[in-house]
Amino acid sequence: MRRTLFLILVVATSVSSACRKAEVTIAEQKMAAQKLSSREITFYFETPALLLGHESRAIPLPGDDSAALAVVVRELLKGPQNPALARPFPPDAVLRAAYLLPEGNAIVDLGGPTLINGWQTGSNQEMISIYSIVQTLTANFTTVKRVHLLVNGQVSETLAGHIDISHPLYPMAQLVAKP
Amino acid sequence: MAKRTNVVFLTAVAVAFATYVWAQGSSAARLKFPGGEQTITIAQQGGQPLFPVDRVLASVGGRVEKVPEGFKAVVGGLDVAFAADSRYAVVRDKMIEMPQPPMIVEGRPFAPLQFFSGFLRLAAGLDAVWDQATGVLELKPVPVETLEVQPSVVDVQNLTKIVLQLSGPTEYTIVREAGTLVVRLVSPIRVPVPEQKYDSAYVSGMTFGPKEVRIELKTAQVAADSYKLENPFRIVLDLRQAAAPVPVLPQTTITPRRRNAPGIHTIVIDPGHGGKEVGAVGPGGLFEKDVTLAICRKLAARLESTLHTRVVLTRESDEVVPLDQRTALANQYQADLFLSVHLNSSVIKGAKGSETYFLSADASDELARHAADRENSGQGRQGNSELNLILWDLAQQSYLNESSRLAQVVQEEMNQATGVLSRGVKQAPFKVLVGATMPAALVEVGFISNPDEEKKLTDGAFQDTLVAALTKGIARYKSEYEVRIGVAPPAAPPAAADRQEQAPSPSLPASVLPTRAAADRPGV
């Protein structure tokens, strides 16, 4: 009996020390991710010719790309400062989370009532919204090769019934307005 | 003491094993089948149980084999084809829809319950019922219900419409025998009267057997379409004058699917959105789904009358039709051309014009990659023509060039006829074009977000102009394509729609009854 108690004690001690070690690692990672520095980011919005036009602004970003993605997408969702450009997203669209997976797949999880309940719009607005995110992330982060959009944490067929977002998307150069 | 240590060790092993099983998302279940029961391992994905296809089908004498395109299973001489990336399994000319595609675990397919209930009902008259609480999957005979039948025959314009209303759904086939159409039912019927006389244009009477309805024709020169309607369940046959004398084929089984001769014979037109998926909404409150349906109905009628082709609409009413089902229907009916019709919308004020899309190479590459992965993981090559139906992805690659050409001519004709600004031909990964095994394009006929274009799009005369332009584009593509593949002479005149109108009909042999796809689905 005493030996069993001893065994339990040993297991409990080693588990708690492992947890402490994990906590330290997570804390270290959090600190690295939260270390902010100002960086100029090029954001892509819709032009009057229904293409993607850009504007740049400097924003404070975490050093770690994976952590910076969410900040950039949230900034993008705020819309352009240049009045000649338009914000294509539904007014209530929000970013739930963004991650960077190995091999350059960025996962961007969108939410908000319109996207979750079914966005009623045409293919142009849907396409520009999708590729505004894809273009902005791939243009600013060399580590991002493709972007996989999720809706409310789930893989979705489309945002509004047209463009296939069930797998990661590459940027579409033909959608970007020529300078 | 050593005994206690063993107990601790064994408990730890058991916990580790349970954790492993949990992590794998698999668990044990009981399989009950006629004549026995056994334990099976089931998998879980997205909260849905997935059952091992090999074990479940083996219990009723079936088997599964890996083929290059996916898997083939056989029960009672009936094949089903399915693949790990498709929510549709194919049995003859029917598709079984599953809530999610089958999952492959260590080379073995695991499929949702709907796969088994759909397939075994057809193959063995068995229903598959899953009880989550007790963890029992039971395969039990489908109770055979005797159905009431109410026949009616009416002449409408140039056709005779026969409606067999039944008190419940049943599988059926329609067979043509000399001077008679025989509707063979799987479920027995209560015979209303042995014989009923009619004096309609093409029908002289009907006789009823325990499992069949025989429709006596007045003349052999009758062509017929058949389809079914749900709620209540009805089998409908539309009889019309055949273009040429009908060769009487003894015991010809009539199926809705046929292998097309080269050329464009079947066109699928897809009205965008539907039901609660209203599509884009105009500033005046116009719904995209309503305009696309109106245009597509007109387009289908015009194509049928001018090109003499078979035209199938992916929806004929205001209903939700999933995107993959639209393309799957076109594939199932072996369509030679697919055109999806949409209205555009933008946040940019003054956005206007029409554009035509075909699938982007990226999306096509993605499909080819999946196909290549499957090929590489296959266990050797085995030919199986049945499986061609689900080879959507691989085939798409070869249709890209034709899709590009189709998009080009449709856009040119639309631009010329309507005077709407042409925004050109483009490529994008449209979900509804993914996996179409035929030239496929999507037209955005105008911007509903633009008040001027919204107004135009509701105008019947503008819709007619648009429909004439789309018809002309399709006619031009059809004649150019048929010259390219050598089924029409190169000296063919310009393919104006009105010229096509005078051309001899290349329509179906009268011995084949086409089934209208949209009406074939439940709830239509």
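Note that this is a predicted model, so its numbers are computed, not measured. (Residues numbered from 1 in each chain as written. Chains lettered and ligands numbered in written order. Predicted model: local features only at pLDDT ≥ 70, side-chain atom pairs only at ≥ 80, totals over all residues.)

S.K.: Tell me about helix H4 (residues 288-307) of chain B, and please be specific about residues and values.
M.R.: Across its 20 residues, H4 of chain B extends 27 Å between first and last C-alpha, which sits within 8% of the 28 Å expected from 1.5 Å per residue. Note on H4 of chain B: the residue one or two positions beyond its end, His308 of chain B, has a positive phi of about 55 degrees. (Helix = DSSP H or I, 4+ residues; strand = E, 2+ residues; numbered from the N terminus. Expected span 1.5 Å × (residues − 1).)

S.K.: If you had to explain the pairing of strand S27 (residues 354-359) of chain B to someone new, which residues and values would you point to?
M.R.: Residues and elements named next belong to chain B. The element S27 is extensively covered by neighbouring structure, given that six of its six residues are classed as buried. Pairing between S27 and strand S28 (residues 422-428): five bridges, direction parallel. The residue of S28 that forms the bridge with Thr356 is Val425. Judged from the three bridges that link them, S27 and strand S29 (residues 440-447) form a sheet pairing that is antiparallel. When the bridges of S29 are listed, Thr356 appears paired with Val443. (Buried ≥ 20, exposed ≤ 12 C-beta atoms within 10 Å, placed from the backbone. Pairing = 2+ DSSP bridges.)

S.K.: So what's going on with the sheet that holds strand S24 (residues 266-271) of chain B? Residues and values would help.
M.R.: Residues and elements named next belong to chain B. If you trace the six strands from one edge of the open sheet to the other, you get S25-S24-S26-S29-S27-S28, paired in mixed fashion. Sheet topology places strand S25 (310-313) and S28 at the edges, where each strand pairs with a single neighbour. Going across the sheet, the axis of each strand differs from the next one's by a mean of 20 degrees, ignoring polarity. Sheet analysis places strand S26 (residues 337-344) next to S29, joined by six bridges and oriented parallel. Bridging from a neighbouring strand, Val341 pairs with Val443 of S29. (Axes fitted to C-alpha atoms, helices over the stretch in contact; angles between N-to-C directions.)

S.K.: An account of the interface of chain A and chain B is requested, with residue identities and associated values reported.
M.R.: Taken residue by residue, the interface counts 24 residues in chain A and 29 residues in chain B. When residues of the side of chain A that touches chain B are traced back to their parent elements, those giving at least two are helix H1 (2-34) and helix H4 (123-140) of chain A. Take the side of chain A that touches chain B: its biggest share by element is four residues, from H4 of chain A. (Contact = placed C-beta atoms within 7 Å.)

S.K.: Requested: an account of the sheet that holds strand S11 (residues 126-131) of chain B, with residues and values cited.
M.R.: All names here are of chain B. Spatial ordering of the open sheet is given by S9-S10-S3-S2-S1-S12-S11, a layout of seven strands whose pairing is mixed. Each edge of the open sheet carries a strand with a single partner, namely strand S9 (103-105) and S11. Between one strand axis and the next, the sheet turns through 35 degrees on average, direction left out of account. Pairing analysis gives six bridges linking S11 to strand S12 (residues 136-141), with the strands arranged antiparallel. Its bridge partner being in S12, Ala128 is matched across the sheet by Leu139. Each of strand S3 (48-52), strand S10 (108-111), S11 and S12 touches helix H3 (residues 113-124); the most contacted strand, S11, lies at about 155 degrees to it.

S.K.: Any chance you could break down the pairing of strand S5 (residues 70-75) of chain B for me, citing the residues and the numbers?
M.R.: All names here are of chain B. Examined bridge by bridge, strand S4 (residues 63-67) and S5 share five bridges and lie antiparallel to one another. What sits directly across from Glu65, in S5, is Lys72. In sequence, S4 turns back onto S5 through a hairpin of two residues. Both S5 and strand S6 (residues 78-82) contribute to a ladder of five bridges, which runs antiparallel. Within S6, the position partnered with Val75 by the bridge is Leu78.

No statement about biological role is implied by the geometric values presented.
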